[in-house]
Amino acid sequence: MTASKGNVLSSVTVAEAMRRQVVRCDPEESIARCIARMVKYKTGAVLVEEEGGACLGVVSKTDVAGMYYVGVELDTRMGEIAGGEPLCCHPGDRLETALATMLDRGIRRVYVHDGEGITGVVGYADIVGAMYHFCIQCRRNLYGSGKLRPEADGWLTAEDVMHPSVMGCSTSDVLQHALETLLEGRIGALAVFDDSGQKPVGVLSMSDAVVAYRHGVDQGVSVERIMSAPVLACEMNDSLTATLRTMIFADVQRIFVYNTRLENLAGVLSLTDAARARSGACKACRVASRL
Amino acid sequence: MELTAKDVMRTDYHVLAPDMPLSEAISLFRRASLEESRRVFGMPVVDSSGRLAGMLSMYDILLYVRPKHIRVWGEMEEELPEGLFDASLERLRSLWVEDLMTPDVLIIAPETHILRIIDIMIKKHVRRIPVVREERILGVVYISDVFYQVLQRFL
């Protein structure tokens, strides 16, 4: 398999990268039930569809965390909160186009509509995975041919791709304030530091927030009550490939990046950043570096 | 053969509560297998008012443990960093039974004929079906009990 025109993504269609498992819910279902679907299937959004297949909208994890913050009852029907129309592409579209759309619109997934209905979804992890898949199989792949030595040939590292800032809170902060930070900044997760403010001891993600919502946790509790631990992190000079492998295995959208030791958090690397950069497999082509 | 669900169902089964921490439920799987002298792969979830709320199976838990993008990970050649799998499992600690259980459960009435039960088990690929009346669980029919009840006539 060889990339055409020197660009891996140009040769890949949406159909080759999409996941066919689309998580759906009925408008009559409660928010609590929707959260269970998000947790069980590890998805950031659920399509709200009527029995005949008519789509009423998409509800994201961020939307649900917002409902938690403003105190919406857990038994509220999904039909009442279903909002934005899903952004769709066609299975035959180029993956590159889908990625550009996601980056332009600041969204995390595009649904795939085959003309009759929504049959799949493409998110950043799917795109990164597809790039990895095609790079590994590509005949021009320097990594597979043994021509590439990561240290000598300047593989992309976590530092090259990360956002050089870390949003955080303290273990003793009130959950409600941390939720505000998450929602206002539209960020996926906060690093949670110990009371000295030096050592990261956990992560507060949107996933943690929606689970707390479903469990009826009062927003007055401290962040320590619901944060996840340990902190998933990598070193700045770790290769992007190794970092992606960790993220894909651990099912996380982002990983914290430290300089020498965990106490020195230097940034955050998200799958969005990784997709924007490249698969990290090799530099035989300059695929996504221009996206 | 006039066997029905009430003739083959077991009443010595363990149940889970929706708000039970998953770590407790996982321990209960092992204990239930020992106490029921058979392998327990799934258990009914019953709420505080005694209503059947769902079923939690080992499959539900393993589905969560499995990386979502396992297809991609399978192509990666190098070994995983030490401790990563353990760190990943830690996420189970914050979850309750109701977060992973299957809430839409196939149920049968005590009067359901055993051939109908066989048909449901084959078509729906289920190995256990709760026997329910007025939302209350009365017992559980297991495929192994159905198998031996039906086929002992053949021996």
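Just so it is clear, the structure is predicted and the values come from calculations on it, not from any experiment. All chains use their own residue numbering, which begins from 1 and follows the written sequence. Lettering for chains starts from A, numbering for ligands starts from 1, and both go in the order in which the items are written. Two thresholds apply to this predicted model, a pLDDT of at least 70 for residue-level local features and 80 or more for giving and counting side-chain atom pairs, whereas whole-chain, interface and lining totals are computed over all residues.

Chemist: Describe the overall build of chain A, and please don't skip the residues or the numbers.
Modeler: Under the scheme used here, helices are H or I runs from DSSP no shorter than 4 residues and strands are E runs no shorter than 2 residues, and both carry numbers assigned from the N terminus. When you go through chain A residue by residue, the secondary structure sums to 13 helices and 12 strands. Scored against the burial criterion, the 291 residues of chain A give a buried share of 45%. Of the contacts made within chain A by residues no fewer than 6 positions apart, 66% connect residues no fewer than 24 positions apart. Whether a residue is buried, exposed or partly exposed follows from its count of other C-beta atoms within 10 Å of its own C-beta, namely 20 or more, 12 or fewer, or something in between, respectively; the C-beta atoms are built from the backbone. Once C-beta atoms have been placed from the backbone, residue pairs whose C-beta atoms lie within 7 Å are recorded as contacts.

Chemist: Could you give an account of the sheet that holds strand β7 (residues 168-170) of chain A, with specific residues and numbers?
Modeler: Residue and element names in this part refer to chain A. For two strands to pair, DSSP has to find at least two bridges joining them. Strand order in the open sheet formed by three strands is β7-β8-β9, with mixed pairing between adjacent strands. Each end of this open sheet is capped by a strand with a single partner; those strands are β7 and β9 (200-205). Neighbouring strand axes in the sheet, compared pairwise and without regard to direction, differ in orientation by 35° on average. Sheet topology places strand β8 (residues 189-193) next to β9; five bridges connect them, and they run antiparallel. Within β9, the residue paired with Val-192 across the bridge is Gly-202. In this analysis, axes come from line fits to C-alpha atoms, helices being fitted only over the stretch in contact, and the angle between any two N-to-C directions falls in the range 0 to 180 degrees.

Chemist: Quick one: what's the story with the interface of chain B and chain A, residue by residue and with numbers?
Modeler: It is common to report an interface's size as the accessible area lost on association of the parts. Between chain B and chain A, the residue contacts involve 22 residues of the former and 25 residues of the latter. Listing elements by their share of the side of chain B that touches chain A, those giving two or more residues are α4 (70-73), α5 (84-89) and α6 (97-100) of chain B. Each residue gets one label: Ala, Val, Leu, Ile, Met, Phe, Trp, Tyr, Cys and Pro are nonpolar, Asp, Glu, Lys and Arg are charged, and the others, such as Gly, are polar. Classifying every residue of the side of chain B that touches chain A by side-chain character gives 13 nonpolar, three polar and six charged.

Chemist: Tell me about the sheet that holds strand β1 (residues 24-25) of chain A, and please be specific about residues and values.
Modeler: Residue and element names in this part refer to chain A. Here three strands make up an open sheet; going across it, the order is β1-β2-β3 and the pairing mixed. On the outer flanks of this sheet lie β1 and β3 (55-60), each paired with one strand and no other. Here strand β2 (residues 45-49) runs beside β3; their pairing, made up of five bridges, is antiparallel. When the sheet's bridge partners are listed, Leu-47 is paired in β3 with Val-58. In the packing of helix α3 (residues 61-70) onto the sheet, the strands contacted are β2 and β3, and the crossing angle to β3 comes to about 75°.

Chemist: Requested: an account of the domain arrangement of chain A, with residues and values cited.
Modeler: All names here are of chain A. Boundaries between domains were set according to an automatic or database domain assignment. Domain parsing of chain A yields domain 1 (4-131) and domain 2 (158-277). Distance from the C-alpha centre of domain 1 to the C-alpha centre of domain 2: 23 Å. The interface of domain 1 with domain 2 comprises 21 residues on the first partner and 19 residues on the second. Within the residue set of the side of domain 1 that touches domain 2, elements represented by two or more residues are α2 (31-40), α3, α5 (95-105) and α6 (124-137). Ranked by residue count, the leading element in the side of domain 1 that touches domain 2 is α3, at seven residues. Of the residues assigned to the side of domain 1 that touches domain 2, the class counts are 16 nonpolar, three polar and two charged.

Chemist: Tell me about the confidence of the model for chain A, and name the residues and values.
Modeler: Residues and elements named next belong to chain A. Looking at chain A, pLDDT values average 85 and 84% of them are 70 or higher. Counting contacts from residues 1-6, a segment whose pLDDT is below 50, to residues more than four positions away or on other chains yields 17 contacts. Within the model, pLDDT remains below 50 along residues 286-291, and this stretch shows 17 contacts once partners closer than five positions in the same chain are excluded. What pLDDT conveys is the predictor's confidence in a given residue, as a value from 0 to 100.

Chemist: Pulling in residues and values, what's your account of the pairing of strand β3 (residues 128-133) of chain B?
Modeler: In this structure, β3(B) lies alongside strand β4 (residues 136-142) of chain B, joined through six bridges in antiparallel fashion. The residue of β4(B) that forms the bridge with B:Arg133 is B:Arg136.

Chemist: Help me get a handle on unusual backbone geometry, residues and values and all.
Modeler: Here the amide bond leading from A:Ala229 into A:Pro230 is cis, since omega sits at 0°, within 30 degrees of zero. With respect to the helices, strands and loops of the structure, A:Pro230 is situated in the loop between α11 (206-214) and β10 (233-235). Look at B:Glu134: it is not a glycine, yet its phi comes out positive at around 50°. Within the secondary structure layout, B:Glu134 lies in the loop between β3 and β4. What makes B:Glu134 exposed here is the crowd of 6 C-beta atoms within 10 Å. The backbone phi angle of B:Glu135 is positive, close to 70°, even though this residue is not glycine. Along the chain, B:Glu135 falls in the loop between β3 and β4. For B:Glu135, a count of 12 C-beta atoms within 10 Å puts it in the exposed group.

Chemist: Describe in detail the nonpolar core, supporting the description with residues and values.
Modeler: Each nonpolar core comprises buried Ala, Val, Leu, Ile, Met, Phe, Trp, Tyr and Cys residues, the members being joined through C-beta atoms within 7 Å. Residues A:Val64, A:Ile127, A:Val128, A:Val210 and A:Val257 are the most contacted members of the largest nonpolar core, which totals 102 residues. For this core, the leading source of residues is α6(A), giving eight residues. Lining this core are residues from two domains, each supplying at least three of them: domain 1 (4-131) and domain 2 (158-277) of chain A. Of all hydrophobic cores here, the second largest spans 11 residues; its members include B:Ala5, B:Ile108, B:Ile117 and B:Val131.

Chemist: Report on the packing of α3(A) against helix α10 (residues 175-185) of chain A, specifying residues and quantitative values.
Modeler: Residues and elements named next belong to chain A. Contact geometry of α3 with α10 gives a least axis separation of 10 Å together with a crossing angle of 140°. Taken together, α3 and α10 sit at an angle that is classed as oblique. Crossing of α3 over α10 shows left-handed handedness. Across the interface between the two elements, Ala-65, Gly-66, Tyr-68 and Tyr-69 of α3 pack against Leu-179, Leu-182 and Leu-183 of α10. Along the lines of polarity and charge, the residues of the contact of α3 with α10 split into six nonpolar, one polar and no charged. Orientation labels follow simple angle bins: below 35 degrees gives roughly parallel, above 145 gives roughly antiparallel, 65 to 115 gives roughly perpendicular, and whatever is left gives oblique. Crossing chirality is assigned from the near helix's rotation relative to the far helix, an anticlockwise turn below a right angle marking it left-handed and a clockwise turn marking it right-handed.

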